[in-house]
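Survey of secondary and tertiary structure
Here is what each chain is made of, one letter per residue.
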Amino acid sequence: VLPLLIGFGTGILSAWGVGGGTLLLLCMTLFLGVDQSTAQGINLLYFLPTAGMGLIYHKKNGLLEKDVLRQAIPLGTVAAVAAAWVATSVDTAFFRKPFGIYLLITGAMTLFQTKKSAK
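Quick caveat: nothing in here was measured; it's all calculated off a predicted structure.

1. Focus: the layout of surface pockets
The computed volume of the largest pocket comes to approximately 930 Å³. Residue lining of the largest pocket: 26 residues in total, with Leu25, Gln36, Gln40, Ala87 and Phe99 positioned closest to the centre. Of all the secondary structure elements, the ones that give two or more residues to the lining of the largest pocket are α2 (20-30), α3 (36-60), α4 (66-89) and α5 (92-118). Per-class residue counts for the lining of the largest pocket are 15 nonpolar, 10 polar and one charged. Put simply, the second largest pocket is a space of about 260 Å³. Along the wall of the second largest pocket there are 12 residues; nearest its centre are Val18, Gly19, Thr22, Leu103 and Thr106. For the lining of the second largest pocket, the secondary-structure elements that each account for two or more residues are α2 and α5. Sort the elements by how many residues they give to the lining of the second largest pocket and α5 lands first, with six residues.

Analysis parameters
- Residues numbered from 1 in each chain as written.
- Predicted model: local features only at pLDDT ≥ 70, side-chain atom pairs only at ≥ 80, totals over all residues.
- Heavy atoms only, no water.
- 1 Å grid on protein atoms, 1.4 Å probe; cavity = no way out; pocket = protein on both sides within 12 Å on 5 of 7 lines; lining within 4 Å.
- Points joined across faces, edges and corners; volume = space filled by probe spheres on them.
- Helix = DSSP H or I, 4+ residues; strand = E, 2+ residues; numbered from the N terminus.
- Nonpolar A, V, L, I, M, F, W, Y, C, P; charged D, E, K, R; others polar.

Encoded structure:
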């Protein structure tokens, strides 16, 4: 039941724009005992239908900028391939602390932005 609740909860948070994929990674590794690489793979699979539905919604509402897509898709593909190569070539322990620091900084920035926008 816990994996179902975690998936449901992070799905709702993703819909609100909170970053459910990152939360899903943390929950899987910290609470469910899933190893890092498996959790990352599950997270990518989790992202695909979400991204697909977002793409369909944006296209339907005329929110896609075709010129931007023509530039972003090739560069994004190259970046994804390069990142996948690095992720499989380097020990995950190397990225653990920098990623944790990144999450802390991003979380703090989000909190401060929320306080500014609330005023």
